[in-house]
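Survey of secondary and tertiary structure
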Amino acid sequence: MRAGIDGLLTPHPLGATLPVVFREDDFTQRFCAGLDSVLAPVLATLDSLPAYFDPATAPDDMLAWLAGWMGIVVDGHQSADRQRRLVRTGAEILRWRGTVRGVRGAVRGLFGADPEIIEPGSSRWSTTAGSPLPPAAAPDLLVRLAVDDPAGFDLRRLDALVALVKPAHLEHRVEVTAR
């Protein structure tokens, strides 16, 4: 949250914009100075607004908000640097959402490790023309991640991430193994 900054001066004092009769009035100048101290952080924020939208220069507390614009969830377990990388690569991650490449990129971005992804896919055919097709195997997705401490790893975070970025029609499973 942006807040007032002690000693911050406004580049556009209100008292200087008034007609001469008010510029010479002490009460009016003090009143305008009080408003200037309230408006100074607003003007400073507006002057630097492009920096708030750039992941390289945005304040740390704005990164989750920027990520939310792209549907990327940061859960506070990542460092500010990792959050900046996620936001920076967000458009690329979204382009591949629902694909193996997208799942891999999202897991790499959030956990910093490449997962093993097993998507067997399925197809059906018959060698006899006109005969019914054999039953189809249920499509599913397995995401396996090797980590240093499997016992201390929060599997729910991985499961939630995969649920967000996988194809909507696929069931999924997640596993964690030791490196």
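Remember, predicted model here, so these are calculated numbers, not experimental data. (Residues numbered from 1 in each chain as written. Predicted model: local features only at pLDDT ≥ 70, side-chain atom pairs only at ≥ 80, totals over all residues. Heavy atoms only, no water.)

**Let's talk about the pattern of salt bridges**
Pairing between side chains of opposite charge can happen when the charged atoms of each approach one another. Applying the stated criterion across every chain yields a total of 8 salt bridges. Measuring nitrogen to oxygen at the nearest pair gives 2.5 Å for the salt bridge that ties D114 to R108. For D154, the salt bridge goes to R156, with nearest N and O atoms at 3.3 Å. Within the structure, one salt-bridge network assembled from shared partners comprises E116, R144 and E175. (Salt bridge = Lys/Arg side-chain N within 4 Å of Asp/Glu carboxyl O.)

**Some points on the environment of P139**
Its location among the elements puts P139 in the loop between β1 (116-118) and β2 (140-147). Measuring from C-alpha to C-alpha, the distance between P139 and H169 comes to 8.4 Å, with 30 residues separating the pair along the chain. With near-sequence residues (within four places) excluded, P139 lies in contact with L170 and E171. (Helix = DSSP H or I, 4+ residues; strand = E, 2+ residues; numbered from the N terminus. Contact = heavy atoms within 4.5 Å.)

**Here we look at the side chain of K166**
For K166, the location among the structural elements is in the loop between α8 (155-165) and β3 (171-178). Of the buried charged residues, K166 lacks a salt bridge, with E171 as the closest side chain of opposite charge at 6.3 Å. (Buried < 20%, exposed > 50% of the residue type's maximum accessible area, 1.4 Å probe, protein only. Lys, Arg positive; Asp, Glu negative; His and termini not counted.)

**Quick notes on the pairing of β3**
As paired elements, β2 and β3 share 8 bridges and run parallel to each other. Paired with L142 across the two strands is R173, which belongs to β3. The parallel pair β2 and β3, bridged by α8, forms a crossover whose chirality is right-handed. (Pairing = 2+ DSSP bridges. Right-handed = clockwise from strand over helix to strand, strands pointing away.)

Note that all results are geometric; they support no functional claim without further evidence.
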